[in-house]
Amino acid sequence: MDLSQEQWLSKQNEVSDNVILDVRTPMEFNEIRIPNSKLLDISSPSDFLEGLKLLDKSKSYFIYCRSGNRSSQACSVMQSMGFDKTYNLVGGIIDWSGITE
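Computed from a prediction, not measured in an experiment: that's the story for all the values here. (Residues numbered from 1 in each chain as written. Predicted model: local features only at pLDDT ≥ 70, side-chain atom pairs only at ≥ 80, totals over all residues. Heavy atoms only, no water.)

Trainee: It is not clear to me how the nonpolar core should be interpreted in this structure. Could you clarify?
Mentor: Among the nonpolar cores identified, the biggest contains 14 residues, and Leu21, Val23, Phe48, Tyr61, Ile63 and Met78 are the most heavily contacted of them. Of all the secondary-structure elements, those providing two or more residues to this core are strand 2 (18-22), helix 3 (45-53), strand 4 (60-64) and helix 4 (69-80). Residues contacting Ile63, with those up to four places away along its chain left out, are Trp8, Leu21, Val23, Ser71, Ala74, Cys75, Met78, Thr86, Tyr87, Asn88 and Leu89. Counting residues in hydrophobic clusters, the runner-up holds 10 residues, among them Leu3, Phe62, Leu89 and Ile93. (Core = buried A, V, L, I, M, F, W, Y, C linked by side-chain atoms within 4.5 Å. Buried < 20%, exposed > 50% of the residue type's maximum accessible area, 1.4 Å probe, protein only. Helix = DSSP H or I, 4+ residues; strand = E, 2+ residues; numbered from the N terminus. Contact = heavy atoms within 4.5 Å.)

Structure, rendered in structure tokens:
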């Protein structure tokens, strides 16, 4: 599900058991990231799929990338694997106005 930053943050506050996933490259992740996010690089498909297999499908996943394209793809892949609660940050981190680290 595609959400604006406001909707994305609001939904996070509604759900107690959530995970923030950054699907960019390690270099991008080390440059700037949303606090408490976990890296799962979608540009490395085999590692990405292996990482997904280790995740709890009952949790809610808030997913972002640089602009929203890769995270949208990640949501689609995750949904096809049985993840019901995936939320894509429209505009990615380049449109993010919240806290970063």
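Structure's up, so let's keep going.
Trainee: Sorry, what's going on with the pairing of strand 2 here?
Mentor: Remember that side chains alternate between the two faces of the sheet whenever the strand is regular. Burial of strand 2 is extensive: 4 of the 5 residues sit out of reach of the surface. In this sheet, strand 4 lies alongside strand 2 in parallel orientation, the contact comprising 5 bridges. Across the sheet, the residue bridging to Val19 is Tyr61, located in strand 4. Both strand 2 and strand 3 (residues 37-39) contribute to a ladder of 3 bridges, which runs parallel. (Pairing = 2+ DSSP bridges.)

Trainee: Where do I start with the pattern of salt bridges in this structure?
Mentor: Pairing between side chains becomes possible if they bear opposite charge and their charged atoms approach one another. With the rule as written, the count across this model stands at 6 salt bridges. Lys11 is the salt-bridge partner of Glu14, the closest N and O atoms lying 3.7 Å from each other. Taken as a pair, Glu14 and Lys11 lie in helix 1 (residues 5-14) at a separation of 3 residues, close to a single helical turn. Among the residues examined, Lys11 registers a relative accessible area of 25% and is labelled partly exposed. (Salt bridge = Lys/Arg side-chain N within 4 Å of Asp/Glu carboxyl O.)

Trainee: Explanation requested: the environment of Asp41 in the structure shown.
Mentor: Here Asp41 is to be found in the loop between strand 3 and helix 3. For Asp41, a relative accessible area of 16% gives the class buried. With 51 residues separating them in the primary sequence, Asp41 and Gly92 have C-alpha atoms 15 Å apart. In contact with Asp41, not counting residues within four places along its chain, are Val23, Arg24, Thr25, Pro26 and Phe48. Among the polar contacts made by the side chain of Asp41, one reaches the side chain of Ser43 at a distance of 2.6 Å. (Polar contact = N/O pair within 3.5 Å; in protein donor to acceptor, adjacent residues only side chain to side chain.)

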